[in-house]
Each structure stands twice: as structure tokens, then as C-alpha cells.
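Chain by chain, the residues run as shown.
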Amino acid sequence: MHSDRASLGLKIAAVGGLLFLHLPILLIFLYAFTTEDKSYQFPPPGLTTQWFGVAWEREDIWPPLYLSLWVATIATVLAMILGTLVSAAMARTSFFGREQISLLIILPIALPGVITGMSLRSAFSIMDIPFSTWTIILGHATFCIVIVYNNAVARFRRLSGGILEASADLGANSFQTFRYVLLPNLGTALLAGGMLAFALSFDEVIVTTFTAGQQSTLPIWMLQELVRPRQRPVTNVVAIVVFTATFVPILIAYYLTRGGSETAGAGK
Amino acid sequence: MTAAVEFLRVSRHFGPASAPVKAVDGVDLTIAEGSFFAMLGPSGSGKTTCLRLISGFEKPTGGTIRIFGQDVGDIPPNRRNVNTVFQDYALFPHMNVRDNVGYGLMVKGVDRRTRDTRAEEMLSLVKLEGYGDRKPAQLSGGQRQRVALARALVNEPKVLLLDEPLGALDLKLREAMQDELKALQSRLGITFVFVTHDQGEALSMADSLAVFNEGKIAQIGTPAEVYARPRTRFVADFVGSSNVLPPEVTRAFGGPLKWSSLRPEMLRVTAADGVALAGTVTGIRYLGAGSRLSVALNGTEVAALLPAGQPVPEPGATVGLAFDPSALHVMEGEG
Ligand SMILES: Nc1ncnc2c1ncn2[C@@H]1O[C@H](COP(=O)(O)OP(=O)(O)O)[C@@H](O)[C@H]1O
Ligand SMILES: [Mg+2]
């Protein structure tokens, strides 16, 4: 028997699954407000907002935060430029070995981070490149490019049909075609790809561990922080920041790529 | 009568000069202003390339193209007074129907209010009033086709190019749109250049048609001329379902020793005795309005149309074939 409505059992399973996925996140938020700073005891003995102030005062948070923002920004910009160029090339031309190259491009995201990290690390040592912010950025760019590429290539394929010609046919010059047809169709895909890339870079740990020298990005700082039981709720406060910094772009990306885009309509 | 479009020995070859793909090869044609001109031919015969030569998306590798007397060799697509209904419609997915239709006016700098009014007019012309706010994705195939038509007509082109515009529609809708397109064309008086691989469509809609074969024009003329007097075997085969008779059979039918064509509807099926031509029935296809017999005759399959109500012979039976000798059309060329 088929019914359009989910059965009760399925609903319970779905709700259970969602709770399992999301309750831990809620706990992280909760423990940012606990009065107990040594262990995660449940329920929290009391609630306070003091940890936000403490976190603000802590000098050691700022360098990792800046580093993470900097790395994510540069890696995203790099990925947007290179990813768009690659996708334009892949979508518009057909050449021998195109499918294989396409696979090679998306490989970095399919490979386990440890492999990417290891290979980059050995490559850097072979080439005598000292570990620095730039080695982290390069590491992140490898998978950020894939994200942008994936978003853009799908859109390019849709565009490579007749709509650019249709625009010219209706009397538009190249600039108008770029402005009114290409950009609105590609723009949202690029923006979405960029947002996702930023979010991915911002909380990346594995590749960063392999490619960073003595520096810590924010996620690595958090990992180190959790090991020693000192002002633990501060870590939770930072977790909320990380959550916001990654969740908001992902949410925006989701709305940008959902269905047809509404942005930059003709001559609004 | 002015020529809307003229091709003078126009060629478009692709690929290396040593082994070119001759998509269009030495085509001469004249399309009269205000006429409904069809380009008919099998897939790959160069019809789309011809349209793209007119719209300017392809440049000829040889010859001259004139639009209303003007050599358009150096005029880019956006400055030709020609618009296209693309095969896949190519509607702008991010714009609603109204903005799609008004696009041609927008890029000319027409203000929003005027172009919205014009877009609504065009939409009512193609019977899509009230669809302005929809996105192309929310329309059926037939509706998209109408939007593409409205969008191409908004600039009031002198020539409208249509590349297999009805190819993606189902039969019923296709027939309705054929009538509508034809009516629209006579009403607007615009020159339509209509590409199709469907001979029925070309014959029923066109004022004149060109039959394409491998980048060349096999025949050009009115539908009646092309149908009744195919110049080559290819045309006879492709346009309609004519019997193409090799020289020996033509001779047997009382003609010269040349290739000829004979329409199935011109053949009468009679009793086997007392006629010069008799053959064996090898197949019968019921068509509703009659039956189509295949008759093996001196080794050649000949089709004959049997009107409804006549007794249908059994397969394997021997039947006679009679016809009016004037119906036998002897062809000039072979290929
Ligand atoms: N851009 C191109 N590059 C190479 N060959 C092409 C190109 N465009 C068309 N052709 C070739 O030209 C021939 C005619 O194509 P086309 O005009 O599309 O035919 P039709 O529209 O009648 O099906 C085909 O053999 C096709 O492969
Ligand atoms: Mg074609």
C-alpha cells in the first residue's frame, strides 16, 4: 500500500534523526551560558552571559580568528577566479580527455583531507617552501576551487545554449548581453560557490593541520582549548561565532541556488 | 516583388580546408518579401547553418548574402533587422515572460512602461494574455514556443527565422500551431523563413520551399511544383512518399529509360488479368482513410493507395496496377 503521507514510524525516525543531528549543536549554545567552567555537567548549575565578555578580553582568540578570516577570504577569492575560468573552459569547449580532466578537478574534494594534507605537506617540503599563511591558503584553495567550479560549471552549461545568442539576436550588444543575461545567470552561482567555499575554509581542520606551521586557525585553536579545562565556555562562545560565520553563508548560498534566481532582472 | 533575402553562391565550410565539412555549399536562393519560405531537408543537410548565415551567427566562407538588397557581410547579428525563434526557444530563465518579450525593446532603451505595454500586446497576439508574471520554467512546451515567438516579433523584424519551431510539440498542438503561424504570417506580412525536416509541414505551410540535401539545394519551388515534379530521386523520396522507379521499371510503365516518380495515389489496383503490369502484394498497411499496398513489381517495391471501401487483396495475391500515363514524372537528375 502506498500513501502520500509518511507513516507514523517514518515521522518518528525523521524527528529522531534530526534531534540526533541538531541537539549537540543546541548543547554547544547552552554551554556557552553555563556558570560551570571546568566540565560539561548537565544540567548546567546556572546561566550567565559573562563568557562573552571573557572571550572578548582573551588576547589569544584574536590572532586565530583573524588568520581564519584572512585564509578563508583569500582562498575564496583565488577559488572564485580560478574556478570560474576552469568552468568556463570546461563548459564551452570539448577536447580529448575532457571527462578525465573534469574528474581530476573534482578529485580534491573526494579525496580524504589527510591525503590532500599529506601530499601538500610533502610537496611543500620537497620544494623547500616554509610553512606560512600562504601554505594554508594554498591548501584551502584546492578544495575551494572545486566548490566554485561545481557551482559554476552547471550554470555555464545551462548558459552555453542559445540564450547568449538570443540576446544578440534581439539587438543586445556584448556589454548588454553580459550585463543582463550572463551575469544574472552566472552571478548567483558564483556567489553561492564563494559562500560555500568560505564556510568550508573557515572551519577546516585536517588540511590546515598538515599545512600550517606554528600558527593556529580558529578551529585548531578550539581543539587545543578543549584539551585543557580552563574557561571552557569561552570555547563555546567561539563555537557560536564559527557557527554563525559558516552557517549564514551556507544559508545564503542555499537560497541563491534554489530554483530560478530573482536577482538583477532586466532593467529594474 | 523585392527580395527579402538573397544568397549568391553562398558556402559555409567547417573544419580544415583539406577535409572541409561542407555544411552549406554554393547555395543560390531568393526569398520574396512577405512570403512564407520553408527550408526542408533531413537532419544535417545544412538548414540551421543557412538560418544562422541569415541571422549573422555564421559568416559565409564564400559568396554573398543580401538582406533587402544590402550586403550583410560586415553586419553583426545584433544590427540585422532579423529575429529568430530558436529551436530550443532559448528563453531567458531568470526573467519572467513579460521581461523576456520586452527584452528586445529594453536593449534599445525603450522605457519600462512602453515596453510592458508592447509586451502585453505581443502576448495577446500569441494568445498568452495574463502569463506575463510567470517564469519560463512554469510554462508548458507550447506556451514557451509562443513566448519565443512573441519575443522575436516585438522588434518588428522584417524577416523572422524559425528553426524547427514546432519540433518539440506533440502532433495535435503542432497542427494547431501550424495554422496559427500561417495565419499570423499573413496578418503581419512579415517574411517567414521556416526550417523543418517534416515534409508535410513544409508543404502545407510554405508559399515556396527549398529542399536541402548535403548542403546543397536539391530543388526550389512552390510546394505543388516540388511535390508533383520532383527534380531528383532525393526530392521524390524525401518530399511525400512517392514511388521512385528505376529506368527499367519506368520503361515497363511506358516511359523512357530514365528514373521517374509516381505518386501512390495515382495507382489504381485492378484485377491481375488484362493489364500490362501485375505484381505480388507483399504488405498492407491500414491507414484509416484507406490502405497502403506494397506490390513487388519486376523486383521493385511499388506503393499504391487503396481508398477505403474497396476490397483489400490478401498478401501474396497477384494484382494489376493501372494509372494515368501523364502521372508518371520523369526526372532530370539521378542523385
Ligand atoms: N559549428 C560547426 N562546426 C562543425 N561542423 C558543423 C558546425 N555546425 C554545423 N556543422 C555541420 O554542418 C552540417 C549541417 O548542419 P546543420 O546546418 O545544423 O544541419 P540541419 O539543421 O539541417 O540539421 C552537419 O554535418 C553539421 O555537423
Ligand atoms: Mg537544425
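Further up the page is the structure itself.
So, how was this worked out
- Residues numbered from 1 in each chain as written.
- Chains lettered and ligands numbered in written order.
- Predicted model: local features only at pLDDT ≥ 70, side-chain atom pairs only at ≥ 80, totals over all residues.
- Heavy atoms only, no water.
- Helix = DSSP H or I, 4+ residues; strand = E, 2+ residues; numbered from the N terminus.
- Buried < 20%, exposed > 50% of the residue type's maximum accessible area, 1.4 Å probe, protein only.
- Contact = heavy atoms within 4.5 Å.
- Lys, Arg positive; Asp, Glu negative; His and termini not counted.
- Charge placed at Lys NZ, Arg CZ, Asp CG, Glu CD.
- Salt bridge = Lys/Arg side-chain N within 4 Å of Asp/Glu carboxyl O.
- Near = heavy atom within 4 Å.
- Polar contact = N/O pair within 3.5 Å; in protein donor to acceptor, adjacent residues only side chain to side chain.
- Areas by Shrake-Rupley, 256 points an atom, 1.4 Å probe, with all protein chains shown as cover.
- Nonpolar A, V, L, I, M, F, W, Y, C, P; charged D, E, K, R; others polar.

Student: Can you break down the overall build of chain A residue by residue, with the values?
Tutor: Scanning chain A from N- to C-terminus turns up eleven helices and zero strands. The linear arrangement of helices and strands in chain A, starting from the amino end, is α-α-α-α-α-α-α-α-α-α-α. Counting the 268 residues in chain A, one finds 42% classified as buried. By sequence separation, contacts in chain A at least 24 residues apart represent 73% of the contacts at least 6 residues apart. One way to put it: in chain A the 16 positive side-chain charges average out to a point 6 Å from where the 14 negative ones average out.

Student: A description of the pattern of salt bridges should follow, citing residues and the corresponding values.
Tutor: Residue and element names in this part refer to chain B. In total, this model carries 18 salt bridges over all chains according to the counting rule given. Its salt-bridge partner being glutamate 164, residue lysine 47 comes within 3.9 Å of it at the nearest N-O pair. Placement of lysine 47 in helix 1 (residues 47–55) and of glutamate 164 in the loop between strand 7 (159–163) and helix 5 (171–188) is noted, with a sequence separation of 117 residues between them. The pair lysine 47 / glutamate 164 is uniform in exposure class, with both members buried. Ionic pairing is found between aspartate 207 and lysine 182, a salt bridge with its closest N-O pair at 3.3 Å. Of this pair, aspartate 207 sits in the loop between helix 6 (199–205) and strand 9 (208–213) while lysine 182 sits in helix 5, and the two are 25 residues apart along the sequence.

Student: Go over the site of ligand 1, please, and point to the residues and values.
Tutor: Residue and element names in this part refer to chain B. Within the structure, ligand 1 sits among Phe14, Val21, Ala23, Pro42, Ser43, Gly44, Ser45, Gly46, Lys47, Thr48 and Thr49. At 2.9 Å from an oxygen atom of ligand 1 is found a side-chain nitrogen or oxygen belonging to lysine 47. In isolation ligand 1 exposes 560 Å². Once the protein is present, 60% of that is buried. Among the elements that line the shell around ligand 1, the one with the most residues is helix 1, at three residues. Partitioned by chemical class, the residues of the shell around ligand 1 number four nonpolar, six polar and one charged.

Just geometry here; none of it tells us what the structure is for.
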